[in-house]
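Coordinate inspection notes
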Amino acid sequence: MAKKPGLAPIDLSGFGLDPTFANKLTQLLAWCQGHGLDFRISQGLRTPQTQAQYYCQWDQRPPAKIDAAAKTMKNAGAPWLASVLLDYRDIPRKPSWLTSQLPGSGWHQWGEAADCYCYKNGKMVQNGSDPVYKKYADAARSFGLTAGLYFSTPDAGHVQLRSQAGATNVYKWSKIDTIMKARFSEKPSV
């Protein structure tokens, strides 16, 4: 796709994205640029450790709920991911919600999701109900992506490749655990 004069090139390298998703996201961001919307990627691939941190830090999710989630994961065949979750069980809590996805179940851990935000006059548009996010979400849908704006808990900047809410809608916990451990656990030194 030819770049219009004056538009910045879109570079998604370094965000760990699945190639199919990266191609669609590039098209979406180029569409945004072409329509005068300055959307920038903030986060792509997210480790299970970062996902666990985001999951645990919400002040509406006390340690007892973390323990129950970890037990469910372990019993479903995901002991490694359960241990990752428990590593963050006692971190300081914040009032802002960041995710409903447990580590391994979010598409960020698969490189199939990204968070992008709009900037106006050099400042990020933080209000997810700003009309720019509806334009972005509708354009995302036209490129075959799923827009977080339309989730039951809206996540205006989030887009993902798959329509399924999370990896647990596609894979068993045991398979997710095996894949995530192979990709993200510390490798023994030789």
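Residues numbered from 1 in each chain as written. Predicted model: local features only at pLDDT ≥ 70, side-chain atom pairs only at ≥ 80, totals over all residues. Heavy atoms only, no water.

Looking at the layout of surface pockets
Of the voids in this model, the largest pocket is the one considered here, and its volume is about 690 Å³. Trp97, Leu98, Thr99, Asp155 and His158 are the residues nearest the centre of the largest pocket, which is lined by 32 residues in total. Top element by residues in the lining of the largest pocket is strand β2 (residues 113–120). It accounts for 3 residues. Taken together, the residues of the lining of the largest pocket sort by class into 13 nonpolar, 16 polar and 3 charged. (1 Å grid on protein atoms, 1.4 Å probe; cavity = no way out; pocket = protein on both sides within 12 Å on 5 of 7 lines; lining within 4 Å. Points joined across faces, edges and corners; volume = space filled by probe spheres on them. Helix = DSSP H or I, 4+ residues; strand = E, 2+ residues; numbered from the N terminus. Nonpolar A, V, L, I, M, F, W, Y, C, P; charged D, E, K, R; others polar.)

Re the packing of aromatic side chains
Enumeration according to the criterion identifies 4 aromatic pairs in this entry. Their ring planes at 90 degrees and their centres at 5.4 Å tell us that Phe39 and Tyr133 sit as a pair that is edge-to-face. On the criterion of sequence distance, the pair formed by Phe39 in strand β1 (residues 38–43) and Tyr133 in helix α5 (residues 131–142) is long-range, its members being 94 residues apart. Seen from their ring centres, Phe39 and Tyr136 are 4.2 Å apart, and the 5 degrees between their planes marks the pair as stacked. In this pair, Phe39 sits in strand β1 while Tyr136 sits in helix α5, placing the two residues 97 residues apart along the sequence. The burial state of Phe39 is the same as that of Tyr136; both residues are buried. A connected cluster of aromatic rings, assembled from ring pairs, spans Phe39, Tyr133 and Tyr136. Lying over the aromatic face of Tyr119, Arg40 brings its terminal NZ or CZ to 4.0 Å of the ring centre. Its end group placed over the ring of Tyr55, Arg61 keeps NZ or CZ at 3.8 Å from the ring centre. (Phe/Tyr/Trp six-rings, centres within 6.5 Å; stacked < 30°, edge-to-face > 60°. Buried < 20%, exposed > 50% of the residue type's maximum accessible area, 1.4 Å probe, protein only. Lys NZ or Arg CZ within 6 Å of the ring centre and 35° of its normal.)

Looking at the environment of Gly77
With respect to the helices and strands, Gly77 occurs in the loop between α3 (63–75) and α4 (79–87). Taking the C-alpha atoms as reference points, Gly77 and Ser174, 97 residues apart in sequence, are found 4.3 Å from one another. Beyond its immediate stretch of four places on either side in the chain, Gly77 contacts Trp173, Ser174 and Asp177. (Contact = heavy atoms within 4.5 Å.)

Concerning helix α2 (residues 48–56)
For α2, the complete set of buried residues consists of Pro48, Gln51, Ala52, Tyr55 and Cys56. For α2, the buried positions fall inside an angular range of 125 degrees around the axis, keeping them on one side. Contacts made by the buried residues of α2 are with α3, α4 and α6 (173–184). (Arc of directions from axis to C-beta.)

Points about the environment of Gly111
One can find Gly111 in the loop between α4 and β2. We classify Gly111 as buried; its relative accessible area is 1%. In the structure, Gly111 is positioned 64 residues away from Thr47 in sequence and 9.5 Å away in space, judged by C-alpha atoms. Here Gly111 is in contact with Gly16, Leu17, Asp18, Phe21 and Leu45, once residues within four sequence places are set aside.

Observations concerning α3
In an α-helix, one turn spans 3.6 residues; hence positions three or four apart end up facing the same way. If you check α3, its first and last C-alpha atoms are 18 Å apart, about what 13 residues at 1.5 Å a residue would give, namely 18 Å. Every buried residue of α3 is listed here: Ile66, Ala69, Ala70 and Met73. Take α3 and look down its axis: the buried residues cluster within an arc of 100 degrees, on one side only. Looking at α3, the residues exposed on the side facing more than 90 degrees away from the buried face are Ala64, Lys71, Thr72 and Asn75. Buried positions along α3 lie against α2, α4 and α6. Immediately beyond the C-terminal end of α3, within one or two residues, lies Gly77, with a positive phi of roughly 100 degrees. (Expected span 1.5 Å × (residues − 1).)

Quick look at the nonpolar core
Ranked by internal contacts, the top residues of the largest apolar core, which has 27 residues, are Phe21, Leu25, Leu28, Phe39, Cys116, Tyr133 and Tyr136. Contributing elements (two or more residues each) for this core: α1 (19–34), β1, β2 and α5. Excluding residues that lie within four positions of it along the chain, Tyr136 makes contacts with Leu28, Cys32, Phe39, Cys116, Ala156, Gly157 and Val159. In terms of nonpolar packing, the next biggest core, distinct from the first, is built from 23 residues, Tyr55, Ile66, Ala70 and Ala78 among them. (Core = buried A, V, L, I, M, F, W, Y, C linked by side-chain atoms within 4.5 Å.)

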